[in-house]
Amino acid sequence: MNAYLGIDVGSVSTNLVLTDQSNKVLQAIYIRTQGQPIVSIKKCLGMVLKKHPDVNIKGVGATGSARQLAGVITGADAIKNEITAHAVAASTLVPGVQTVLEIGGQDSKLIIIREGVATDFAMNTVCAAGTGSFLDQQAARLGLPIAEFGQLAQKATLPVRIAGRCAVFAESDMIHKQQSGYALADIVAGLCEALVRNYLNNLGKGKRILGPVVFQGGVAANPGMRDAFSRALDREIIVPEYFHVMGAFGAAIIGKEEAGRQGGTKFRGFAAKNLDVAAESKECLGCPNHCEIVSIVNGEQILARWGDRCGKWSALNNAPMTSEEEPLAHDLKHA
Amino acid sequence: MKVTFPHMGHLSIVGKGLFDQLGVEVVVPPPITKKTLKLGIEHAQEFSCLPLKIILGNFIEAAELGADTIVTSGGVGPCRFGYYAQVHREILQDLGYHYEIIVVEPPDTHFSELIQKISYLSNGKSLFQVARALRMGWAKARAIDVIEQKVQQVRPREVRTGTADDVFQWSLKKIDAENEIKKIWEIQRKTLHELDGVPKDMEKTVLKIAVIGEIYTILEPFVTFDIEKHLGRLGVEVSRSIYLSEWINDHLFMGLMRVRSTKEAAQMASPYLRHFVGGHGRETVGSAVRYAREGYHGAIQLAPLTCMPEIVAQTILPVVSAEEEMPVMTIYFDEQSGEAGLVTRLEAFIEMLYRKNDFGKRRVQSERLFRN
């Protein structure tokens, strides 16, 4: 069976989507990254092989903040940023979509699409209030499982107004409202509204939000946030079936396109899950910048390198080598 | 007297050329590194903008090399930078550095003062010698800009990443060491020829993006994580709204030389922005208009966080972007900026422009850029 892989390694979760020729999702995996991207990528590959032992991968795309790493480990055909991947995924699943709201673990994005093409986007810059990590933290503080957090918001009769400009102040304001005796459901619903306000103020500046509006990313699982968006924008909010793995879905489509253009895939095969891949960091003393150079190694072989400002280390990426043949060894601290 | 001055892109080569001709001993601050930034952050107020902090770091590092006199610029209008020389003076004094500070106010508003200060610095050199020094500074500034504009065109097309930059670095060293104007022109000619010879992929579709915004941020690559090199690697030909030689010509030579002028940019800001708003706010808006009409695919506004003139410009740019049909993205920088976030935004912006544009017509144009 021919299939395509999309991998999205983010701050909080690692997602993998397996699609067929017609972009139908065969398998969607969502696991926590837990600060170990290499381990979680290998784990995802193992899960695919277990469910589809006869699969024949024809193209791979990688996205997310660890897209370079994921790309190197799997041998991806396309390595694309999250915004492009999410835009491609949304316009494939919801034809005619004009606005994409995406909230992930640590960042949020707003993508404006016109006639199937992204025309404008914004990404949170100074504040991470309202992203998954903050909601997680608040749920934990209130002793609520994150899955029930949104449902509780739906039971609110009168959402309390929470100051959501800053995550820390939002928390102090919530505590203050709790101490004053407001109902938990009303506070949780108020928090959702505050976060939506924060999102629209930070990202929506000067952008025309037209329907259909798609809401995706891990936070879209929260019905409280969905309702708050719907009220704030005064329109229906569409949450696609695979809202939690849209980045990976987009990556799979882009990987398929790129492999088609190249006339074949660069996929390393599922043996990649057994590779002894590790990251080694060293400090370069070539100039006072003292960049931390990360080398991705497979045993003795160096697969890729990045982290330098001048480009002399990452330029070596085009020439695979072993650590024996280090041309710039004199600059390294621990050489 | 050992004179030092702030870094700003390749300003140090120009400044050193000028002061050498005047017979003034110069201490060029060490190149800006994380250490410079760290010194600046440690001793400056948290809320001041990034240029103040990095320049403070330059002065501290230069003092360690024996500099005792600072030549820095002042400014007029609502931009805080006009006040920074005084802030630097206070901080350096508190830290125990005994600097004499000479503040050069914008020459087009205080020209006689400039002459006075130059003659003080040069210890009473003749006007002829001063003029020769200015010509030397100009020759170096212009050569660097002409070469860099070519580098900006070669970067996205070169077969091996970094070739054009190697040539550029080599020419900068040559220009820095040279003290004869004719030889500088020769280096310029040679380097341009060499850049023509760099192996290029002329079939590649290349986007044209303008970098607009606050002068320090767009001229100093350390602040922006070398954004122009990132763009080059992503297949983008870059043009900048302000080049150092243009600024020198506008403000020092009253526009006497025939190079592009930021005054045109200021005029083109109308009707979107009809007032001076401090710094280069009006030029940023005008440059966006100019580049859009020149057919550029997009523009990126760069500014230090909290930069008031650029915030004014930013609020106007969405209208310019819609009316002139050119996407514009704004990126602010401060010491908290991360390279990964920057690269993700650049990739997304460029990807968006690629998917949007039809390149059929533009390819013909770009083939005429190079002689071979």
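Quantities reported herein were computed from a predicted structural model and do not represent experimental measurements.

Caption draft 1: Summary view of the interface of chain B and chain A. With 15 residues of chain B at the contact, the number on the chain A side is 22 residues. Carbon and sulfur atoms supply 52% of the area that chain B and chain A bury against each other, a total of about 1,900 Å² over both sides. The closest approach of N and O atoms between A:R67 and B:E347, which form a salt bridge, is 3.3 Å. At the boundary of chain B with chain A, the tally comes to three residue pairs in polar contact (both at pLDDT 80 or more). Among the elements that line the side of chain B that touches chain A, the one with the most residues is helix α15 (residues 339-356) of chain B, at 10 residues. Each residue belonging to the side of chain B that touches chain A can be placed in one class, and the counts come to seven nonpolar, two polar and six charged.

Caption draft 2: Up close: the sheet that holds strand β5 (residues 207-213) of chain B. All names here are of chain B. Judged by pairing direction, the sheet is parallel, and its four strands sit side by side in the order β6-β5-β7-β8 without closing on themselves. A strand with exactly one partner marks an edge of an open sheet, and here the two such strands are β6 (236-240) and β8 (328-333). On average, each strand axis in the sheet is tilted by 25° relative to the strand beside it, whichever way the strands run. Where strand β7 (residues 298-304) lies against β8, six bridges are found, and the strand directions are parallel. When the bridges of β8 are listed, A299 appears paired with V328.

Caption draft 3: View of the pattern of salt bridges. What the rule picks out here adds up to 28 salt bridges over all chains. For A:D136, the salt bridge is made with A:R32, and the minimal N-O distance between the two is 3.4 Å. Separated by 104 residues along the polypeptide, A:D136 in helix α4 (residues 132-141) and A:R32 in strand β3 (residues 25-32) bring together distant segments of the chain. Look at A:R32 and you get partly exposed, because its relative accessible area is 42%. Residue B:R240 pairs with B:E228 through a salt bridge whose shortest N-O separation is 2.7 Å. Placement of B:R240 in strand β6 and of B:E228 in helix α10 (residues 227-233) is noted, with a sequence separation of 12 residues between them. In terms of burial, B:R240 and B:E228 fall into one category: buried.

Cut-offs used in this document
Sequence positions are assigned chain by chain, starting from 1 and proceeding in written order. A letter from A marks each chain and a number from 1 marks each ligand, given out in the order of writing. Note on the predicted model: pLDDT of at least 70 is required for a residue's local features to be given, and 80 or more for side-chain atom pairs to be given and counted; whole-chain, interface and lining totals, by contrast, use all residues. Computation of side-chain values: all heavy atoms of the structure, hydrogens and water removed. We call two residues in contact whenever any of their non-hydrogen atoms come within 4.5 Å of each other. Buried surface area refers to the total accessible area, computed with a probe of radius 1.4 Å, that the two partners give up upon joining, counted for both partners together. Salt bridges are defined as contacts in which a side-chain nitrogen from Lys or Arg sits within 4 Å of a carboxyl oxygen from Asp or Glu. Pairs of N or O atoms within 3.5 Å make up the polar contacts considered here, provided that, within protein, one atom can donate a hydrogen while the other can accept it, and that residues adjacent in sequence are counted only when both atoms are side-chain atoms. Only DSSP runs of H or I with at least four residues qualify as helices, and only runs of E with at least two residues qualify as strands; both kinds are numbered from the N terminus onward. By the convention adopted, Pro, Cys, Tyr, Trp, Phe, Met, Ile, Leu, Val and Ala count as nonpolar, Lys, Arg, Asp and Glu as charged, and the other residues, Gly among them, as polar. The criterion for strand pairing is that DSSP finds at least two bridges linking the strands in question. Helix axes use the C-alpha atoms of the stretch in contact, all axes being lines fitted to C-alpha atoms, and the angles between their N-to-C directions lie in the range 0 to 180 degrees. Each residue gets one of three labels from its accessible area relative to the maximum for its type: buried under 20%, exposed over 50%, partly exposed in between, using a 1.4 Å probe on protein chains only.

Spatial relationships are all this shows, so hold off on functional conclusions.
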